Amino acid sequence: MEQLNVQPKPVIEVRDYSFSYEEIDEQPLFNRLSFALNENEVTLLMGASGAGKSSLALCLNGLYPDAVEGTATGDIYFHGRHISEFEKGELNQEIGIVFQDPESQFCMITVDDELAFTLENRKFPASEIKGRIKEVLKAVGMEGFEQNKIHELSGGQKQKIALAAVLLLEPEMLILDEPTANLDPVSSLEFIELVQEIQEERGMSVLIIEHQADDWLELIDRVLVIGRDGQLLADDTPERLLTEQKQLLEQEGVFLPRAYSDAKDLRDVLPIAAPSEESVLSVDGLAFSRKKQQVLEDVSMDIRGGEFVAIVGENGAGKSTLLQLMAGLLTPSKGNVLLSGRKLEKWDENELRKRLGFVFQNPEHQFITDTVYEELTFGMRLNGYAEEEMEQAAGELMRQFHLEKQHDSNPFSLSGGQKRRLSVATVLDETPDILLFDEPTFGQDAATTAELMHYVMELKSKGTAIVFVTHDMDIVDAADRVSVLQHGKLAYDGSPEKLWEKEELLQEARLRLPARMRLDRKEGVVYDLIH
Ligand SMILES: Nc1ncnc2c1ncn2[C@@H]1O[C@H](COP(=O)(O)OP(=O)(O)OP(=O)(O)O)[C@@H](O)[C@H]1O
Ligand SMILES: Nc1ncnc2c1ncn2[C@@H]1O[C@H](COP(=O)(O)OP(=O)(O)OP(=O)(O)O)[C@@H](O)[C@H]1O
């Protein structure tokens, strides 16, 4: 944290720095940025989705522009030395990044090997490696996962391992790019506390990229805001920025921390449409095992037409597995999934895909073509749309989801938020009976979250059942019904209002209350982080 009367010592200095993925022309991604990141200081980097936050992080640790076809002008210094003077890989040890997509970070198969690899690179004494791994896994809440294969972990578990690997580097500077996006609410708070402890202990410089910064506020000394036009719009203390420059942030469409925001709660702005009585999808006595692990046990639920259901629970509880069973992507060990009263396996595959849409937790798992346009029209093409119709429908989706400029971009080259929006948009070309989304809103700014929610709710009002797996309690608060999974069992299935009364269950399932119940906005006070 900031120490009064001490001249800040820069760790990184950025001078007149511009970067573009192509030739720098009139509109580079970011434009003549100048700022410093100081020792013992925590800085929050804000900006709309696609503004260039992740790209900037990769420039700061020297990976870009060399690793992409990009061009940069201007200078970046690390402790006064130009970053071009560092050997390849040297800077990575000093500036640790937790990437937005943890999967892109791993090089080994098991958790143990991945973490040992980091320590071996640091020339850590072999006799101490085992003990150090145990310690770091405990710190991130993944004790006992040493022998697990990384690709077999849940999304949140992967994110925790990515964090552990970077903590082992003991870097001088830590860059965290949406590090809690896949964590359950309590894990997210625990992680923030962990960063605070380490930061205070080591006096590290930390740069946080986060759309919803509420829980980080206490740690943050400074805020930088990158505008959509690539300029540095603000470099200020959080207090001043969030009071005096609120309008600027609102114009950029970023989330204001709830204690400073006048925005209405999501549940009060979404259109209300009562669900029908008719069941669309029912899950009956569902069980699922992987090798010896029983992931789901005796789960039964009924989803009605036009109903909005949120599935919540701690990391690894079985939410994604349940959703994949509902979509027919996995086969249950026991029990059935029925769509409109008929077992999933009895449906013709094409008919099933028209009636039921599914969005993966990791958007990249969904992409099958080379351009945004092809991705959006893939389903339409199969359904025999004419080119003109496809252009019109895809154009409309691109406008709605702010992807017009990315018409010909490769889906894998999009920003995290853009990838997420594209993966959601690809299932919205029809009005299906049911849409199953695995964390559809993570990585979005305030404006795109609101738009995405309205778009989805419009389909709900036309009768489509909507199922979200989500860690966002404000979204859960807006659902018709919430199902809580705990160690593979359904621990609660009812209204959000009633769930908020169940203190013990909330604690056991590592959930939190929605923001409206945690804060007094007029006073700007957060009463209690969890309750
Ligand atoms: N490898 C790449 N090649 C070409 N364009 C890219 C590449 N990576 C990112 N971009 C583009 O650069 C812009 C900025 O992306 P970046 O990931 O830096 O944004 P961001 O501010 O981190 O967004 P988000 O909040 O959605 O994660 C986007 O328009 C994106 O499409
Ligand atoms: N491909 C796989 N092979 C083996 N085990 C797996 C695989 N995928 C997930 N698991 C395990 O199954 C359990 C449930 O995983 P799942 O992804 O359904 O959890 P989740 O509730 O969606 O978690 P998160 O909130 O972290 O995304 C976890 O213990 C996980 O480690």
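Residues numbered from 1 in each chain as written. Chains lettered and ligands numbered in written order. Predicted model: local features only at pLDDT ≥ 70, side-chain atom pairs only at ≥ 80, totals over all residues.

Peer 1: Account for the site of ligand 1, with residues named and values stated.
Peer 2: Ser49, Ser54, Ser55, Ser415 and Gly417 are the nearest of the 21 residues found near ligand 1. Only α1 (53-60) and α14 (416-425) provide two or more residues apiece to the shell around ligand 1. Of the residues assigned to the shell around ligand 1, the class counts are five nonpolar, 15 polar and one charged. (Near = placed C-beta within 6 Å. Helix = DSSP H or I, 4+ residues; strand = E, 2+ residues; numbered from the N terminus. Nonpolar A, V, L, I, M, F, W, Y, C, P; charged D, E, K, R; others polar.)

Peer 1: Describe the sheet that holds strand β5 (residues 81-82), and please don't skip the residues or the numbers.
Peer 2: Within a sheet, each strand pairs with its neighbour through backbone hydrogen bonds, oriented either parallel or antiparallel. Read across the sheet, four strands follow the order β2-β1-β4-β5 without closing on themselves; strand pairing throughout is antiparallel. Where the open sheet ends on each side, the last strands, each with one partner, are β2 (30-38) and β5. Bridge count for strand β1 (residues 10-20) against strand β4 (residues 71-78) is seven bridges, and the pairing is antiparallel. Of the residues in β4, the one forming a bridge with phenylalanine 19 is alanine 72. (Pairing = 2+ DSSP bridges.)

Peer 1: So, the sheet that holds strand β15 (residues 342-343): which residues are in play, and what are the values?
Peer 2: Strands sit in the order β12-β11-β14-β15 across an open sheet of four strands; the sheet is antiparallel. Each edge of the open sheet is held by one strand with a lone partner, namely β12 (293-304) and β15. Where strand β11 (residues 279-290) and strand β14 (residues 334-339) come together, five bridges link them in antiparallel fashion. Each residue of the ladder has a partner; that of aspartate 284, found in β14, is asparagine 336. Here helix α10 (residues 319-326) sits on the sheet in contact with β11, β12 and β14, set at roughly 125° to β11. (Contact = placed C-beta atoms within 7 Å. Axes fitted to C-alpha atoms, helices over the stretch in contact; angles between N-to-C directions.)

Peer 1: Outline the environment of aspartate 16, supporting the account with residue identities and numerical values.
Peer 2: Here aspartate 16 shows up in strand β1. The class for aspartate 16 is exposed, based on 11 C-beta atoms found within 10 Å. For the pair aspartate 16 and serine 54, spaced 38 residues apart in the sequence, the C-alpha separation amounts to 18 Å. Setting aside chain neighbours within four positions, we find aspartate 16 in contact with Arg32, Ser34 and Gly74. (Buried ≥ 20, exposed ≤ 12 C-beta atoms within 10 Å, placed from the backbone.)

Peer 1: Lay out the pairing of β14 with the relevant residues and their values.
Peer 2: The pairing of β14 with β15 spans two bridges and is classified as antiparallel. The partner of leucine 339 across the bridge, within β15, is arginine 342. Counting the residues between successive antiparallel strands, the hairpin from β14 to β15 contains two residues, one of them, serine 340, with a positive phi of roughly 45°.

Peer 1: Mind laying out helix α5 (residues 155-169), listing which residues take part and the relevant values?
Peer 2: Under the 1.5 Å per step criterion, the end-to-end length of α5 is 22 Å for 15 residues, consistent within 8% with the ideal 21 Å. Burial of α5 is extensive: 14 of the 15 residues sit out of reach of the surface. Following α5 by one or two positions, glutamate 170 has its phi on the positive side, about 45°. (Expected span 1.5 Å × (residues − 1).)

Peer 1: An account of the confidence of the model for the protein chain is requested, with residue identities and associated values reported.
Peer 2: Looking at the protein chain, pLDDT values average 89 and 96% of them are 70 or higher. Within the protein chain, strand β19 (residues 481-486) carries the highest mean pLDDT (98), whereas strand β22 (residues 525-526) carries the lowest (43). Low pLDDT, under 50, characterises residues 521-531; the stretch is placed with 20 contacts to residues that sit more than four places away or in other chains. The ipTM, which scores confidence in the relative placement of chains, is 0.95 for this predicted complex, and the corresponding pTM is 0.90. (pLDDT = per-residue confidence, 0-100.)

Peer 1: I'd like a description of the UniProt feature "domain: ABC transporter" (unreviewed entry) in the protein chain, backed by residues and values.
Peer 2: Taken from the UniProt record, the annotation "domain: ABC transporter" (unreviewed entry) applies to residues 12-254 and 281-512. Split by type, residues 281-512 is 35% helix and 26% strand. Its first and last C-alpha atoms lie 28 Å apart. (UniProt positions renumbered as here; feature names shortened; annotations may be inferred.)

Peer 1: Pulling in residues and values, what's your account of the domain arrangement of the protein chain?
Peer 2: Per the domain assignment, the segments making up the protein chain are domain 1 (10-260) and domain 2 (268-364 + 432-526). When each unit is reduced to the centre of its C-alpha atoms, the spacing between domain 1 and domain 2 is 30 Å. Residue-level contacts link 23 residues of domain 1 with 24 residues of domain 2. Counting residues per element, the ones that place at least two in the side of domain 1 that touches domain 2 are α5 and α6 (185-202). (Domains from an automatic or database assignment.)

Peer 1: Please give an account of the site of ligand 2 that cites residues and values.
Peer 2: Near ligand 2 lie 19 residues; those nearest to it are Glu152, Ser154, Gly156, Ser320 and Thr321. The residue inventory of the shell around ligand 2, partitioned by class, reads three nonpolar, 12 polar and four charged. Taken domain by domain, the shell around ligand 2 gets at least three of its residues from each of domain 1 (10-260) and domain 2 (268-364 + 432-526).

Peer 1: Can you break down helix α4 (residues 126-139) residue by residue, with the values?
Peer 2: The terminal C-alpha atoms of α4 lie 21 Å apart, and with 14 residues this matches the ideal 20 Å at 1.5 Å per residue to within 8%. All of the buried residues along α4 are Ile133, Val136 and Leu137. Contacts made by the buried residues of α4 are with α3 (111-121) and α5. Glycine 141 sits one or two positions beyond α4 and adopts a positive phi of about 75°.

Peer 1: Describe the environment of phenylalanine 124, naming the residues involved and giving the relevant values.
Peer 2: Inspection of the secondary structure puts phenylalanine 124 in the loop between α3 and α4. Overall, phenylalanine 124 belongs to the partly exposed group, with 15 C-beta atoms counted inside 10 Å. As for phenylalanine 124 and leucine 452, which are separated by 328 residues in sequence, their C-alpha atoms are 47 Å apart. Setting aside anything within four residues of it in sequence, one finds phenylalanine 124 in contact with Leu119, Ile129 and Arg132.

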